[in-house]
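Geometric and topological summary
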Amino acid sequence: NGDAANPSCSGIEGILEAYHRSLKSVQLYGPTNFAPVVNHVARAAAAVPDGSQYFVLLIITDGVISDMAQTKEAIVNAAKLPMSIIIVGVGQAEFDGKSGAAPQRGLG
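Notes on the structure follow. Computed from a prediction, not measured in an experiment: that's the story for all the values here.

1. A look at helix H3 (residues 68–78)
What H3 keeps buried is the set Met68, Thr71, Ala74, Ile75 and Ala78. Seen from one end, H3 has its buried residues packed into an arc of 125°, which puts them on one side. Exposed residues lying more than 90 degrees from the buried face of H3 are Ala69, Glu73, Val76 and Asn77.

2. Points about the pattern of salt bridges
For the coordinates displayed, the defined rule picks out 1 salt bridge. Taking the shortest distance from any N to any O, the salt bridge between Glu17 and Arg21 comes out at 3.1 Å. Placement of the pair is Glu17 and Arg21 together in helix H1 (residues 11–25), with a separation of 4 residues, close to one helical turn.

3. Side note on the packing of helix H2 (residues 35–46) against H3
Viewed as axis vectors pointing N to C, H2 and H3 meet at an angle of 15°, and their least axial separation amounts to 8 Å. On the basis of their axis angle, the class for H2 and H3 is roughly parallel. Here H2 and H3 pass one another in a crossing that is left-handed. For the pair formed by H2 and H3, the contact residues are Ala35, Val38, Asn39 and Ala42 on the first element and Gln70, Thr71, Ala74, Ile75 and Ala78 on the second. Looking at the contact of H2 with H3 residue by residue, the class counts come to 6 nonpolar, 3 polar and no charged.

Definitions and limits used
Residues numbered from 1 in each chain as written. Predicted model: local features only at pLDDT ≥ 70, side-chain atom pairs only at ≥ 80, totals over all residues. Heavy atoms only, no water. Buried < 20%, exposed > 50% of the residue type's maximum accessible area, 1.4 Å probe, protein only. Helix = DSSP H or I, 4+ residues; strand = E, 2+ residues; numbered from the N terminus. Arc of directions from axis to C-beta. Salt bridge = Lys/Arg side-chain N within 4 Å of Asp/Glu carboxyl O. Axes fitted to C-alpha atoms, helices over the stretch in contact; angles between N-to-C directions. Parallel < 35°, antiparallel > 145°, perpendicular 65-115°, else oblique. Left-handed = near helix turned anticlockwise from the far one by under 90°. Contact = heavy atoms within 4.5 Å. Nonpolar A, V, L, I, M, F, W, Y, C, P; charged D, E, K, R; others polar.

Pasting the structure below:
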């Protein structure tokens, strides 16, 4: 949302507002390291042990993941926490998964 001190959004409206605001201020460039942000949100989710909050990490990227091994490890470590991770690729980068797709957790 652009606020490093309080980087959360409330609901879909909050996510859309943060996205539109970021279009005006964020410049995309590499390297594209996801593990640090996944670990950051995982720590926040782990800090709410009663499950009263659910976290959604939406990453919009214009580049292929640079730290794939660390990102996979971070996602696996976060798999039992009350959180979802959505990664959306935009632009001309190769998002075909040939470099090793992140693990997916299905329903059921």
